[in-house]
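These are the residues of each chain, in order.
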Amino acid sequence: MTKVITYGTYDLFHEGHYRLLERAKALGDYLIVGVTTEHFDEARGKINVVDPIMKRIENVKNTGFADMIVVEDHEGQKIEDIQKYGVDIFTVGSDWVGTFDYLNSFCKVVYLDRTPNISSTKIRKDNYQVIRLGMVGTGRIAKRFVAEARYASAMEVVSAYNPFEESVEEFKKDCHDFLLSYETKDYEKFLAGIDAVYIASTHETHYDYAKRALLAGKHVLCEKPLAFTKAESEELYALAKSHHVVLMEGIKAAYCPGFQQLLNVVQSGKIGEIRDVEACFTRIAAEDSRERSDAKYGGAFLEFGGNALMPIIKILGADYESVSFDSIDNALGTDDYTKVQIRYKNAMATAKTGMAVKSEGQLVVAGTKGYVIAQSPWWLTQKFDVRYEDETKIDHYEPHFIGDGLRYEINEFLGKIRGNSTSGYKLTAGESIAITAITEEFVRRRGII
Ligand code: CTP
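Remember, it's a predicted structure, so these values are computed and weren't measured experimentally.

Calculation notes
Residues numbered from 1 in each chain as written. Predicted model: local features only at pLDDT ≥ 70, side-chain atom pairs only at ≥ 80, totals over all residues. Heavy atoms only, no water. Helix = DSSP H or I, 4+ residues; strand = E, 2+ residues; numbered from the N terminus. Buried < 20%, exposed > 50% of the residue type's maximum accessible area, 1.4 Å probe, protein only. Contact = heavy atoms within 4.5 Å. Areas by Shrake-Rupley, 256 points an atom, 1.4 Å probe, with all protein chains shown as cover. Phe/Tyr/Trp six-rings, centres within 6.5 Å; stacked < 30°, edge-to-face > 60°. Lys NZ or Arg CZ within 6 Å of the ring centre and 35° of its normal. Salt bridge = Lys/Arg side-chain N within 4 Å of Asp/Glu carboxyl O. Near = heavy atom within 4 Å. Polar contact = N/O pair within 3.5 Å; in protein donor to acceptor, adjacent residues only side chain to side chain. 1 Å grid on protein atoms, 1.4 Å probe; cavity = no way out; pocket = protein on both sides within 12 Å on 5 of 7 lines; lining within 4 Å. Sits in = over half its atoms within 2 Å of the grid points. Nonpolar A, V, L, I, M, F, W, Y, C, P; charged D, E, K, R; others polar. Pairing = 2+ DSSP bridges. Axes fitted to C-alpha atoms, helices over the stretch in contact; angles between N-to-C directions.

Looking only at helices and strands, the chain has 15 helices and 19 strands in total. With respect to the principal axes defined by its C-alpha atoms, the chain has extents near 80 × 60 × 40 Å. Counting across all 449 residues of the chain, residues that qualify as buried make up 54%. Pairs at least 24 residues apart make up 66% of the contacts formed inside the chain by residues separated by at least 6 positions. Accessible surface computed for the chain: about 20000 Å², of which carbon and sulfur atoms make up 49%.

Enumeration according to the criterion identifies 24 aromatic pairs in this entry. Aromatic pair Tyr 320 and Tyr 344: ring centres 6.1 Å apart, planes at 80°, arrangement edge-to-face. With Tyr 320 in the loop between helix H13 (300–316) and strand S13 (322–329) and Tyr 344 in the loop between strand S14 (335–343) and strand S15 (348–354), this pair connects stretches of sequence that are 24 residues apart. Taken together through their ring pairs, the aromatic side chains of Tyr 7, Phe 90, Trp 96, Phe 100 and Tyr 102 make up a single cluster. The cationic tip of Lys 393 hangs over the ring face of Tyr 388; the distance from NZ or CZ to the ring centre is 4.2 Å.

Looking now at the pattern of salt bridges. Evaluation of the coordinates by the stated rule reveals 34 salt bridges. Arg 275 serves as the salt-bridge partner of Glu 273, at 3.2 Å between the closest nitrogen and oxygen. Put simply, Arg 446 and Asp 329 hold a salt bridge, and the shortest N to O gap is 3.0 Å. Of this pair, Arg 446 sits in the segment after helix H15 (429–445) while Asp 329 sits in strand S13, and the two are 117 residues apart along the sequence. By relative accessible area, Arg 446 is classed as partly exposed at 28%. Taken together, the salt bridges that share partners define one network made up of Arg 140, Arg 283, Arg 290, Glu 291 and Glu 303.

The full set close to the ligand counts 19 residues, and Asp 95, Thr 115, Ile 118, Ser 120 and Thr 121 are the nearest of them. With respect to the ligand, the side chain of His 17 contributes an N or O atom lying 2.9 Å from an oxygen atom. A distance of 3.2 Å separates an oxygen atom of the ligand from a polar atom in the side chain of Lys 46. Placement of the ligand is best described as lying within the second largest pocket. Broken down by secondary-structure element, the contributors of at least two residues to the shell around the ligand are helix H1 (15–26), strand S4 (89–93) and helix H5 (120–127). Split into classes, the residues belonging to the shell around the ligand amount to five nonpolar, 10 polar and four charged.

Attention now moves to the sheet that holds strand S11 (residues 247–250). Pairing within the open sheet is parallel, and its six strands lie in the order S8-S7-S6-S9-S10-S11. Two strands bound the open sheet, and with one partner strand each, they are strand S8 (181–183) and S11. Pairs of neighbouring strands in the sheet enclose a mean axial angle of 25°, with direction left out of account. Looking at chain direction, strand S10 (residues 219–223) and S11 are connected through four bridges and run parallel. Note on S11: the bridge partner recorded for Leu 221 is Met 248. Against the sheet, helix H6 (residues 140–149) contacts strand S6 (131–136), strand S7 (155–161), strand S9 (196–199) and S10, and its axis sits at roughly 160° relative to S7.

Distances and angles like these do not, on their own, reveal function.
Shown next, in the form of structure tokens:
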């Protein structure tokens, strides 16, 4: 009996998949089909798969060609499967020519001609209306955003708005390969040409830009801080709801797969009841940077507070008893370093932010049975450990991570716009509002507003 094996994602099952499986089966007597998990696809850079794995397996099964279906969830599995199942022929489509030649030492490798003009990627593009996105602000993060947005399917960054012409000119020089249109005067005109907006302007302008975009019926992805007061934040989420559009705060760690896994471990009871969360986010900013030269809205907390508060609110919730701040200020009167202490009934938390102080960017969640430590930079969550009293016992995790993190945030935003991920559990409106409430305490106590 000749055993054949083939692998794929089989998202939005199409004729190309059917024809591949039909010919794969014809190569032998027994066909094994490997279907990838979401996690494995994410690790391979495929972050926009639409169909859940059970549906993809069902579709493969319905062709009647597969004698056995296996789940592919890690790199190196192909060699294992070939040996485990005594496979004679490995086959895939001709888009992979050369890639799997190394399997020749285990079995015969056959590349089958790919069916022309069809792919899951194409269907995703055709099915979905392309989202035209405009950016407000043309600073550092905007540059990173356009680069990462290239990994999103059916979204195009088409324009940028910034009333400061000089800044636009600088951006154009650096990003001459991005074909964007620029608007420096009329925000409403800029909004008219887009479906969604990414707001990455200075902190104090976020609320107003977000509000006007929501009122115009545009989806909004807004950098932190979303607003300076809880009431404003609530108003924005209410507007998004009443206008049937998406509003998301851009705290990118919340959307990283590794951080989601860390939350799952924390909530699994593995480290017992949570008593302390400590998150640190520091970056020494250039002397002439906005955050170090803006005497009113500059400073470490407004820059990084959202990042450091996010895991605290996600893990311990918004029902705290008290919050206090302590800062080391500079000559301008903004904070070089701020420590936020939050007291809950049975737990406490610390958020540390610095822009002229450098510290270890780690996240530690302490429980009654052990603790989780996500090493610096925890906000990408590429690795974390669970450690216990018995120091010889360590569970080590290395979640998949690609790019610089923004692509996960962008993908979540698109998923929400398209209704694929409606629950928004990664960062709920309530959690985002709770983060704004702490920001409000800070700006009020310091007389910023
Ligand atoms: N395949 C094919 N002809 C096509 C599309 C896919 O023969 N037109 C084959 C692939 O070469 C692979 C299998 O079908 O052996 C599963 O491919 P998969 O990556 O799941 O499908 P794609 O449509 O290529 O997906 P995507 O666009 O997301 O890369």
